[in-house]
Amino acid sequence: MTASRHRGSVAIVGVAESDLGQVADGMTPADLMGQAAARALEDCGLALGDVDAAFAAATQLNMPVLNLCEYLGIEPHYLDGTHIGGASFLSHLAHAQAAIEAGFCEVALIAYGSTQRSAGRSNAAPQEISAYEAPYRPMHPVTAYALAASRHMHEFGTTREQLATVAVAARQWALMNPAAWEKKPLSIADVLASPMIANPLTVRDCCLVTDGGGALVVTSAERAQRLRKKPAYVLGVGESTTHRHVSGMPDLTVTAARESGRRAFGMAGLAPGDVDVAEIYDAFTINTVLFLEDLGFCAKGDGGRFIEGGRIAPGGELPVNTNGGGLSYCHPGMYGIFTLIEAVRQIRGECGERNVANCDVALAHGNGGVLSSQATVLLGSPATV
Amino acid sequence: MSRNLTTSPRATYVEHCRRGELAYQVPAGGGQPIFYPRLVAPRTGEAALEWRTSAGLGTVHATTTLARKGEAPYNVALIDLDEGFRMMSRVEGTAPEEVTIGMRVQVAFVEGGEGEPPYPVFRPFDATGER
């Protein structure tokens with residue numbers, strides 16, 4: 001497939017995490033956004049005065065872009081607070097690319113911060129529940145993912161052991177990441193024996209509940225080449241949605257990742273076989289199975305079998321979630337930005353013992369809501385442009 | 001004089017619930033049944049919608065059992081009604097983990113909580129007429 005003219009037009013030049021896990025008493029989401037933003041700028045050697053576009057999403061703030069700009073004392077002329085759940089930051093990157101290409105801005109700052117662990121989950125992320133679902137008291141979002149898992153098991157024979165394999169692989173990667181929350185090994189038996197939350201998902205099939213934040217700095221390819229670190233070029237992007245509520249999901253076993261992945265690979269002129277590392281939003285173990293299928297790494301229904309035998313674990317053919325993922329590294333509520341931070345670091349070779357050898361193409365994929373929105377980004381090293 | 005509609009889709013749906021009826025919509029010219037009730041048909045954008053009452057028979061499409069701290073486990077399911085629409089509900093009259101995908105179910109209405117209208121749940125349906 002011929003790549004598009006957008007391929008490689010911008011690059012991520014600065015990445016940083018804020019404090020993660022359990023942050024100091026009294027820290028706010030804005031503190032974490034500001035901290036991450038300052039670190040990301042330091043990472044690329046740009047200054048606050050260089051930033052002319054700002055992007056943010058959060059569950060604890062109504063207008064997080066404005067909080068971000070006030071905190072940093074900047075007045076950018078391009079603002080985007082797109083909120084599609086955890087996939088928002090990949091969408092922000094795609095929108096930043098379009099804006100930079102069109103000449104509406106030059107340096108984009110994307111940020112996220114959350115104190116959902118410290119504040120308490122129900123305070124930090126009040127769930128909007130449809131009047132047509134509320135009488136049945138679903139615990140969202142886990143109920144939706146459990147329903148999707150039940151359907152995948154029914155249609156394709158996916159087993160609880162296969163889902164547990166996702167959690168085990170994530171833990172193995174996390175043990176190589178000093179920043180990860182989880183520090184102890186995890187076995188399939190451990191996952192199966194954990195308390196059940198919403199059948200078939202146990203607490204170990206579900207993402208962590210931590211504090212945390214992150215930031216990205218994005219600029220044109222031309223400017224990126226003059227900065228201090230190896231740029232991670234944006235080769236392809238894609239986003240889509242199929243529903244808001246799980247009762248409105250057209251097919252519980254197929255997500256909009258099919259569309260977002262198709263568009264991202266098409267723009268990049270690449271295929272799943274070209275991907276060296278994949279950072280895929282693993283809010284629940286079923287997610288990794290679904291997205292590997294929908295992004296084209298395996299056929300629909302084969303996801304459970306694909307991940308067996310250590311294929312996505314350290315030493316496997318397709319490294320997935322090398323930071324430990326939402327399941328073992330951190331999950332402050334909206335995880336998407338962390339897929340991009342890790343993807344960039346893999347391309348730069350900054351991941352130490354967990355770095356994939358010769359990492360030229362990294363895929364980052366974000367999910368939002370209850371499998372509701374999907375956004376895919378392909379990043380490439382200088383060798384790819 | 002107001003140009004607003006006098007009744008919301010939700011209000012019509014609830015009125016049917018009070019009469020023990022599971023209501024849904026269809027486009028006036030025919031086409032895919034619509035649930036949740038709304039003002040515009042999805043995909044076609046058609047605004048001329050008609051209300052129907054479901055016979056209440058359907059099939060379990062997806063199911064899970066929720067375990068909330070300090071409470072007995074309960075079922076949450078997605079039900080495909082025979083008329084061609086899907087809704088979230090709860091299957092009662094059998095243990096939550098006994099609910100299986102493909103099980104045939106029949107609607108029944110239960111009282112809502114404080115200030116809430118009656119709402120539809122489902123029970124296993126036995127074709128011989130016994131439940």
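Residues numbered from 1 in each chain as written. Chains lettered and ligands numbered in written order. Predicted model: local features only at pLDDT ≥ 70, side-chain atom pairs only at ≥ 80, totals over all residues. Heavy atoms only, no water.

### Quick look at the overall build of chain A
Step number 1: From N to C terminus, chain A includes 14 helices and 11 strands.
Step number 2: For a compact globule of 385 residues, the expected C-alpha radius of gyration is about 21 Å, and chain A comes in at 19 Å, within 12% of that figure.
Step number 3: Its C-alpha atoms give chain A principal-axis dimensions of about 50 × 45 × 40 Å.
Step number 4: Burial status across chain A gives 63% buried among its 385 residues. (Helix = DSSP H or I, 4+ residues; strand = E, 2+ residues; numbered from the N terminus. Rg over C-alpha atoms; globule rule 2.2 N^0.38 Å. Buried < 20%, exposed > 50% of the residue type's maximum accessible area, 1.4 Å probe, protein only.)

### Some words on the sheet that holds strand β10 (residues 361-368) of chain A
Residue and element names in this part refer to chain A.
Step number 1: Ordered by their spatial adjacency, 9 strands build an open sheet running β3-β2-β4-β7-β1-β8-β11-β10-β9, and the pairing between neighbours is mixed. At either end of the open sheet lies a strand with only one pairing partner, and these are β3 (78-80) and β9 (277-280). Each strand of the sheet is rotated relative to its neighbour by a mean of 25 degrees, with strand direction disregarded.
Step number 2: Helix α14 (residues 336-348) rests against β1 (10-17), β4 (107-114), β7 (212-220), β8 (232-241), β9, β10 and β11 (373-380) of the sheet, and its axis sits at about 110 degrees to β1. (Pairing = 2+ DSSP bridges. Axes fitted to C-alpha atoms, helices over the stretch in contact; angles between N-to-C directions. Contact = heavy atoms within 4.5 Å.)

### Some remarks on the confidence of the model for chain B
Step number 1: Across chain B, pLDDT averages 95, with 98% of residues at or above 70.
Step number 2: In the predicted complex, the global pTM is 0.97; the interface-specific ipTM is 0.95. (pLDDT = per-residue confidence, 0-100.)

### Concerning the interface of chain A and chain B
Step number 1: Between chain A and chain B, the contact holds 25 residues from the first and 28 residues from the second.
Step number 2: Its largest share of buried area at the contact with chain B, chain A owes to Tyr132, Tyr136 and Arg137 of chain A, together 37% of the area lost on that side.
Step number 3: Between Arg137 of chain A and Glu71 of chain B there is a salt bridge, with the nearest N and O atoms lying 2.9 Å from each other.
Step number 4: At the surface where chain A touches chain B, the tally comes to 10 residue pairs in polar contact (both at pLDDT 80 or more).
Step number 5: Every element with two or more residues in the side of chain A that touches chain B is listed here: α6 (142-156) and β5 (196-198) of chain A.
Step number 6: Take the side of chain A that touches chain B: its biggest share by element is 6 residues, from α6 of chain A.
Step number 7: In terms of residue class, the side of chain A that touches chain B is built from 15 nonpolar, 7 polar and 3 charged. (Buried area = accessible area lost by both parts, 1.4 Å probe. Salt bridge = Lys/Arg side-chain N within 4 Å of Asp/Glu carboxyl O. Polar contact = N/O pair within 3.5 Å; in protein donor to acceptor, adjacent residues only side chain to side chain. Nonpolar A, V, L, I, M, F, W, Y, C, P; charged D, E, K, R; others polar.)

### A few points about the pairing of β7 of chain A
All names here are of chain A.
Step number 1: By the criterion of burial, β7 is predominantly enclosed, with 9 of the 9 residues buried.
Step number 2: Judged from the 7 bridges that link them, β1 and β7 form a sheet pairing that is antiparallel. By the bridge assignment, Ala16 is partnered in β7 with Ala215.
Step number 3: By the bridge criterion, 8 bridges tie β4 to β7 in an arrangement that is antiparallel. Its bridge partner being in β7, Ile110 is matched across the sheet by Leu216.

### A short note on the packing of aromatic side chains
Residue and element names in this part refer to chain A.
Step number 1: Summed over all chains, the structure comprises 15 aromatic pairs over all chains.
Step number 2: Pairing Phe55 with Tyr78 gives two aromatic rings, centres 6.1 Å apart and planes at 40 degrees, and the pair type is tilted. Here Tyr78 lies in strand β3 and Phe55 lies in strand β2 (residues 53-56), a separation of 23 residues in the sequence.
Step number 3: Under the relative-accessibility criterion, Phe55 is labelled buried at 0%.
Step number 4: Judged by relative accessible area, Tyr78 falls into the partly exposed class, the value being 24%.
Step number 5: Centre to centre, the rings of Tyr281 and Tyr335 are 5.3 Å apart; their planes meet at 50 degrees, and the pair counts as tilted. Taken as a pair, Tyr281 in the loop between β9 and α11 (285-294) and Tyr335 in the loop between α13 (325-328) and α14 lie far apart in primary sequence, 54 residues in all. (Phe/Tyr/Trp six-rings, centres within 6.5 Å; stacked < 30°, edge-to-face > 60°.)

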